[in-house]
Amino acid sequence: MHHSSEPPSIPSPGRRRRHRTGLAALLGGLLVLGAGGLGAGPAGATGTTGTTGTTGAQPARACAGDDEFVAVVQVSGRLDPVLVDFVDGEIRDAAGTCAVAVVLQLNSGGAVGNEDDVDDLVTTIEESPVPVAVWVGPTGSKATGAAVDLLAAADTTGVAQPRGSIEVTASLLSARGVEPTSLGSTDVGDRVNAERAVELGLVDTDAAAIGDFVIQLDGVEVEVNEDGRAEPVTTARFSKLPVSGQLLHTVSSPAVAYLLFVIGLSLLVFELFTAGVGLAGAVGAGSLLLGCYGLASLPVQPLGVGLLLLAIFGYAVDIQTGVPRAWSVIATVAFVLGSLLLFDGVSLSWVTLLIAIVGMSLGMLSGMPTMVRSRFSTPTLGRDWMIGEMGVARTDIAPDGVVTVRDAPWRARTNRATPIAKDDPIRVVAIDGLVLEVEPEEGGAEDYRERARRSNEARAASSSSG
């Protein structure tokens, strides 16, 4: 045991946050402000352990037996900066309450981002004045990679039977005083179930449920019911990430951050070619913002990000022409390489890569050019019905702007001699590539082509009469 009656000094959370990039901090602040109204604090079955994010252990309170409780903190998913900050805050808050123990209910496949976060959380667990226990549960849960370091640092540990499992690591063997030679057929790096973990001395118990684990902790009052079963008298208070924290924790997943990033870029390109700011643009901006936050909290390689941006640029070049050409080939190769090289030490599943690569290729090589041709086509492609159509200027057109024709936005151009003010009625007189040529409903200046046409007609009439 490493506890004493005097609370030891616990490192400030500020030290753990020193690696954060300015981008992550900015985006995180914006997202938390936006989602703050959805969830102001961790939800609990019987209450919460307090406000997270304290800067150090608080003085212990004098507590009566009825005031004492066990703080159960749900730790689910990879240990990213958001989740680590939350767990760190819950352990620190327990020092100023009547908690007799903190139990981390763990189900994690390791850490993402800077592993210094996990190292500092391990220090917080080791130096906490309140005993910290770790239970890998419920059944089916696992602890692998850096998540095993939390088990190694805890006072009491357990794995839920029958399907809970942990990875055998050098740090866990060292913490439990187990010699690698005593593992038998098990090697470092293998995953073992609850029964095997207890047999090897890697954990203390294979309790199947959280209640069975809690009653084995020091300081927990227990009573025996009529059926002869021991039950805890000390209250358990459960806490988990609030809604805003869950949002940031989710987007910090490599697959989610990657998909949000590429979807956001794609939707913004789509909005660029539909002339206006609509639903696609708003969703794209939100997706890109969340994706950037997720990437900022993950080990990202700049080369991968650069290749993805190059891919979007290349696709946009050929979308403008309406026909896939050399840039489309360059973009597809860049997108595949960028997807494979995006993360450093973290691999995306083949399902995620397949969805992204196939979806992006079909959308940019087929869907987007088709959309552009159907929306901004020339009269020879079947849009001659637009000649003579009436509409309204959405912006000032002098000479370029945006108009609305049949409730759809279009990019437009007018003769420089006839600027059109916003909200003025317009008439479509021609289609030039991707742009509508328009004039005011009344008072349009005579176009030079019309003058040339009439001049040619006059000359032809004069020649025929001569």
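Just so it is clear, the model here is predicted, and its values are computed rather than measured. (Residues numbered from 1 in each chain as written. Predicted model: local features only at pLDDT ≥ 70, side-chain atom pairs only at ≥ 80, totals over all residues. Heavy atoms only, no water.)

A. Fine view of the sheet that holds strand β7 (residues 191-193). Pairing is mixed across the open sheet formed by three strands, whose spatial order is β4-β6-β7. Pairing within the sheet leaves two strands with one partner each, and these edge strands are β4 (142-143) and β7. One ladder, built from three bridges, connects strand β6 (residues 165-167) with β7; its direction is antiparallel. From the neighbouring strand, I166 faces β7, where its bridge partner is V192. (Pairing = 2+ DSSP bridges. Helix = DSSP H or I, 4+ residues; strand = E, 2+ residues; numbered from the N terminus.)

B. Region of interest: a nonpolar patch on the surface. On the surface, L303, V329, V333, L337, L340 and L341 cluster together into a nonpolar patch covering about 540 Å² of accessible area. The dominant element in the nonpolar patch, judged by the number of residues it contributes, is helix α13 (residues 326-341), at five residues. Checked against the element boundaries, L337 lands in helix α13. (Patch = residues over 30% accessible without salt bridge, like charges linked within 9 Å, V, L, I, M, F, W, Y side chains within 5 Å. Areas by Shrake-Rupley, 256 points an atom, 1.4 Å probe, with all protein chains shown as cover. Salt bridge = Lys/Arg side-chain N within 4 Å of Asp/Glu carboxyl O.)

C. Geometry of the sheet that holds strand β15 (residues 435-440). Taken in spatial order, the five strands close into a barrel running β11-β12-β13-β15-β14, and their pairing is mixed. Ignoring strand direction, the axes of neighbouring strands in this sheet form an average angle of 55 degrees. Two strands pair when backbone bridges link them, and strand β11 (residues 390-393) and strand β14 (residues 425-432) are joined in this way by three bridges, in the antiparallel orientation. Among the inter-strand pairings, G391 is bridged to a residue of β14, identified as I426. (Axes fitted to C-alpha atoms, helices over the stretch in contact; angles between N-to-C directions.)

D. Representation of the pairing of strand β1 (residues 69-76). Buried residues dominate β1, accounting for six of its eight residues. Where β1 lies against strand β10 (residues 235-239), five bridges are found, and the strand directions are parallel. Within β10, the residue paired with V73 across the bridge is S239. As defined by bridge partners, β1 adjoins strand β2 (residues 99-107) across eight bridges and the pair is classed as parallel. Within β2, the position partnered with V75 by the bridge is L106. What joins β1 to β2 is helix α3 (residues 81-94), and the crossover it makes is right-handed. (Buried < 20%, exposed > 50% of the residue type's maximum accessible area, 1.4 Å probe, protein only. Right-handed = clockwise from strand over helix to strand, strands pointing away.)

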